[in-house]
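So the chains spell out like this:
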Amino acid sequence: MDKRQTPITIEEYRECLVPSYQSLTMALMGGYQSQIRVHDFNTDKVITKKDILDSRSIVPTVFNTEMTEVNHAKFYPIGQTFAAVGMYLGFRTSQMQNGNRQSCHNAIIRELTIAWDRMAMVGGFGNKGLLKSYADDPLRVTMADVTLPKASETFEARAKAVKDMGLAIKESIDSNSASDSLTVLVYGKDLQAYLTDANTATDATTLRSYLIKGFGTKYVNVIDVPALLTKDTDLADANGLAIIANGTMEMDTTEYPDLDKIGSNESESGDFDWSRFKIGSVQLKPGIQGGITNLAVKFAA
């Protein structure tokens, strides 16, 4: 009688998954499932044409009884490219070992999810990264670099500079997407630490709060990007902001990090259980003019 342990189902593995890392990409797209496109795993490249409304054409015709025609809204097409890449990762363990396969699967899913988020933030396979600026993207706004006072300057001087930076971003947003609901991603350990500095001599108000004040009445959610997502990339030592007009961003992917198949093999050297994981490329992009605004931040010497 074969007394080997029979592998449980993929569904049971998923139900028992204990996520120790929450995807930033999926958090940003939460509630906007209609703006996520999952492409065929075997597709090499996806080229789509997106119709962008020409706001100058929105000139409604004044009604009168002799009216014979009305003005029409006009759209212009832009091309968007997504490199659709599918990848597999295998895992094999001997049935003679008493290791916890579920914990191994949890660890693999964690690392694959981090890698997937990193692709979304900094790019991969030629796809654009959310945190980067691209001159060839007509919907993305890149602001001029901002230089903030060094940390040894007075709190008041730094607070004014940070608030002015927020105000400049607000003016850019008003001129493009006009969104009143924003998510501000802060990347770079120096900028993240800078914004958490507080005026302990008075009310412990942080510089981050002054950044938010610069946006006026807009709703602003500020999120620090984990350094793990820019580690060992060309943004590892960079600092900056990526501002998202909530509800306008779109996502392309070929696959979420997931367990794909499980099974077992018999051999003369021993019996093995095996697993196969899958992960696809991913790209976040603006859905409207100014849907994503990028700003690089430097510090005075």
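Residues numbered from 1 in each chain as written. Predicted model: local features only at pLDDT ≥ 70, side-chain atom pairs only at ≥ 80, totals over all residues. Heavy atoms only, no water.

A. Spotlight on the overall build of the chain. A count of helices and strands for the chain gives six helices and 14 strands. Taken over 301 residues, the chain has a buried fraction of 45%. Counting contacts in the chain only where the partners sit at least 6 residues apart, residues at least 24 apart contribute 80% of the total. For the chain, the accessible surface area stands at approximately 16300 Å², while carbon and sulfur atoms represent 52% of it. (Helix = DSSP H or I, 4+ residues; strand = E, 2+ residues; numbered from the N terminus. Buried < 20%, exposed > 50% of the residue type's maximum accessible area, 1.4 Å probe, protein only. Contact = heavy atoms within 4.5 Å. Areas by Shrake-Rupley, 256 points an atom, 1.4 Å probe, with all protein chains shown as cover.)

B. Expanded view of the packing of aromatic side chains. Scanning the entire structure with this criterion turns up three aromatic pairs. Ring plane angle 70° and centroid distance 5.9 Å describe the contact between Phe155 and Tyr210, whose orientation is recorded as edge-to-face. With Phe155 in helix α4 (residues 155–175) and Tyr210 in helix α6 (residues 207–213), the pair connects residues that are 55 residues apart, well separated along the chain. If you follow Arg158 out to its NZ or CZ, it ends over the ring of Tyr194, 5.8 Å from the centre. The cationic tip of Arg276 hangs over the ring face of Tyr88; the distance from NZ or CZ to the ring centre is 4.0 Å. (Phe/Tyr/Trp six-rings, centres within 6.5 Å; stacked < 30°, edge-to-face > 60°. Lys NZ or Arg CZ within 6 Å of the ring centre and 35° of its normal.)

C. How the structure looks around the pattern of salt bridges. As enumerated under the stated definition, the model contains 18 salt bridges in all. Arg158 is the salt-bridge partner of Asp197, the closest N and O atoms lying 2.6 Å from each other. With Asp197 in the loop between α5 (189–196) and α6 and Arg158 in helix α4, this pair connects stretches of sequence that are 39 residues apart. Exposure remark for Arg158: the relative accessible area of 5% places this residue in the buried category. Because the salt bridges share partners, they merge into one network encompassing Arg37, Glu250, Asp252 and Lys285. (Salt bridge = Lys/Arg side-chain N within 4 Å of Asp/Glu carboxyl O.)

D. Region of the structure containing helix α3 (residues 101–122). The end-to-end C-alpha separation of α3 is 32 Å, in line with the 32 Å expected for 22 residues at 1.5 Å each. Two residues or fewer past α3, Gly123 is found with a positive phi of approximately 95°. (Expected span 1.5 Å × (residues − 1).)

E. Examining the environment of Ile109 more closely. Inspection of the secondary structure puts Ile109 in helix α3. For Ile109, a relative accessible area of 12% translates into the label buried. Taking C-alpha positions, Ile109 is 9.6 Å from Ile279, a pair spaced 170 residues apart along the chain. For Ile109, the residues in contact, after removing those within four places along its chain, are Leu17, Pro257, Asp258, Leu259 and Phe277.

F. Representation of unusual backbone geometry within the structure. Look at Phe125: it is not a glycine, yet its phi comes out positive at around 60°. You can see Phe125 is positioned in the loop between α3 and β5 (140–142). Judged by relative accessible area, which is 45%, Phe125 ranks as partly exposed. Despite not being glycine, Asp232 shows a phi value in the positive range, around 60°. Inspection of the secondary structure puts Asp232 in the loop between β8 (219–224) and β9 (240–245). Among the residues examined, Asp232 registers a relative accessible area of 71% and is labelled exposed.

G. Region of the structure containing the environment of Asp237. As for its position among the elements, Asp237 is in the loop between β8 and β9. Distance in space between the C-alpha atoms of Asp237 and Asp190 is 8.7 Å, their sequence separation being 47 residues.

H. The sheet that holds strand β13 (residues 282–286), seen in detail. With mixed pairing, three strands are arranged side by side in an open sheet as β1-β10-β13. Since the sheet does not close on itself, it has two edges, and those belong to β1 (36–38) and β13, each with one partner. Neighbour to neighbour, the strand axes of the sheet diverge by 15° on average, direction disregarded. Relative to strand β10 (residues 249–253), β1 runs parallel, the two being bridged by three bridges. If you follow Ile36 over to β10, its bridge partner there is Met251. Strands in contact with α3 are β10 and β13; relative to β13, the strand with the most contacts, it is inclined by about 35°. (Pairing = 2+ DSSP bridges. Axes fitted to C-alpha atoms, helices over the stretch in contact; angles between N-to-C directions.)

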